[in-house]
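Residue strings, one per chain:
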Amino acid sequence: DTEVTQTPKHLVMGMTNKKSLKCEQHMGHRAMYWYKQKAKKPPELMFVYSYEKLSINESVPSRFSPECPNSSLLNLHLHALQPEDSALYLCASGPAVKNTGELFFGEGSRLTVL
Amino acid sequence: AQSVSQHNHHVILSEAASLELGCNYSYGGTVNLFWYVQYPGQHLQLLLKYFSGDPLVKGIKGFEAEFIKSKFSFNLRKPSVQWSDTAEYFCAVNTPNTGGFKTIFGAGTRLFVKA
C-alpha cells in the first residue's frame, strides 16, 4: 500500500466544471509533485512544491491551479479543462533536503473531461 | 535538455527466461538513476536506484541494474522472470544540480511474462 493517498480515484467532468484533486502524504516529506500520465506514455512533471512553496511549474496552462495548504496536503484545482486534459494525474512526495529525486507515488486520479 | 530512452516498448518472455531492459540517458553531469515499476492496477513504485558507488545495484524481487557511465546506460536485469513480473517498467533520471526536483521518465517498457 502506498503512503500517498489521492482522491478521488476517478473523476468525470464537463469543460465548464470546477473540480479539485487531492493528495495527502504522511511520510514527513517536504516536497510534493503533480505528474500527468497519458495512456501508454511516461509521467510528465507538472508542478513541484518545496516547503509549501511552488518551486517548479513546467509551463502548465492556467486552467490547472495547484495549492499546497500544508506540508501533508497538495491540491490540484481544475477549471475549464479540455478533453485532451483527460489523463491519470499522479501525486508524489519526496524529501526536499538532500533530495536524490526518489519519488513516492499515489495511485493516481483518473480524470475524464467530456 | 536531458532525455531518457528505453529501447524496448513491449517485451514478451516465458517464465524462467532472463530479462534485460535497456535504458540510455543524455546528460553529461552527475545523475541519479531509477527504475520504477507499475504493476497492473497499482501505483508506480521504486524498483531500484543508483546514486553513487558500486555501479551494480540490487533492487527488490531479484532485479538488478548496472550503471555504465561511459555508455550513459542503466540497464535492468533479472536472471529468471516470473509471471508476477508482468508490469510496465520505467527508467528515470534525476539531476541533483536542479535541486533534485526534476525527474525525467523514459517512455516505459511493457513486459508480459507467459506462464
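Check the entry above for the structure.
Given the structure is predicted, the values throughout are model-derived calculations rather than measurements.

*Asks:* Even after reading the chapter, I still don't get the pattern of salt bridges, so can you show me in this structure?
*Replies:* Two side chains of opposite charge can pair, provided their charged atoms sit close to one another. All names here are of chain B. For the coordinates displayed, the defined rule picks out 11 salt bridges over all chains. Close ionic contact of Glu66 with Arg77 constitutes a salt bridge, the shortest N to O distance being 3.2 Å. Linking Glu66 in strand β8 (residues 64–68) with Arg77 in strand β9 (residues 73–78), this pair joins segments that are 11 residues apart in sequence. The class of Glu66 is partly exposed, set by a relative accessible area of 29%. Across the pair Arg110 and Glu88 runs a salt bridge, and its minimum N-O distance is 3.5 Å. Placement of the pair is Arg110 in strand β12 (residues 109–114) and Glu88 in strand β10 (residues 87–94), with a sequence separation of 22 residues.

*Asks:* I tried to follow the state of the cysteines on my own but got confused; where do I start?
*Replies:* A covalent bond bridging the sulfur atoms of two cysteines is what the word disulfide describes. Enumeration according to the criterion identifies two disulfides over all chains in this entry. Through a disulfide, Cys23(A) is tied to Cys91(A); the S-S separation comes to 1.9 Å. In this structure the cystine formed by Cys23(A) and Cys91(A) twists about its S-S bond by roughly -70°; its chirality is therefore left-handed. Of this pair, Cys23(A) sits in strand β3 (residues 18–25) while Cys91(A) sits in strand β9 (residues 87–94); the two residues are 68 residues apart in sequence, bridging distant segments of the chain. No difference in accessibility class separates Cys23(A) from Cys91(A), as the two residues are buried. Across the disulfide, Cys23(B) is cross-linked to Cys91(B) (sulfur-sulfur distance 1.9 Å). Looking down the S-S bond of the Cys23(B) and Cys91(B) bridge, the torsion is -65°, so its handedness is left-handed. Residue Cys23(B) is found in strand β4 (residues 23–26), and its partner Cys91(B) is found in strand β10; the two are separated by 68 residues along the sequence. Looking at the unpaired Cys68(A), the closest cysteine sulfur is the one in Cys91(A), lying at 9.1 Å.

Cut-offs applied
- Residues numbered from 1 in each chain as written.
- Chains lettered and ligands numbered in written order.
- Predicted model: local features only at pLDDT ≥ 70, side-chain atom pairs only at ≥ 80, totals over all residues.
- Heavy atoms only, no water.
- Salt bridge = Lys/Arg side-chain N within 4 Å of Asp/Glu carboxyl O.
- Helix = DSSP H or I, 4+ residues; strand = E, 2+ residues; numbered from the N terminus.
- Buried < 20%, exposed > 50% of the residue type's maximum accessible area, 1.4 Å probe, protein only.
- Disulfide = S-S within 2.5 Å.

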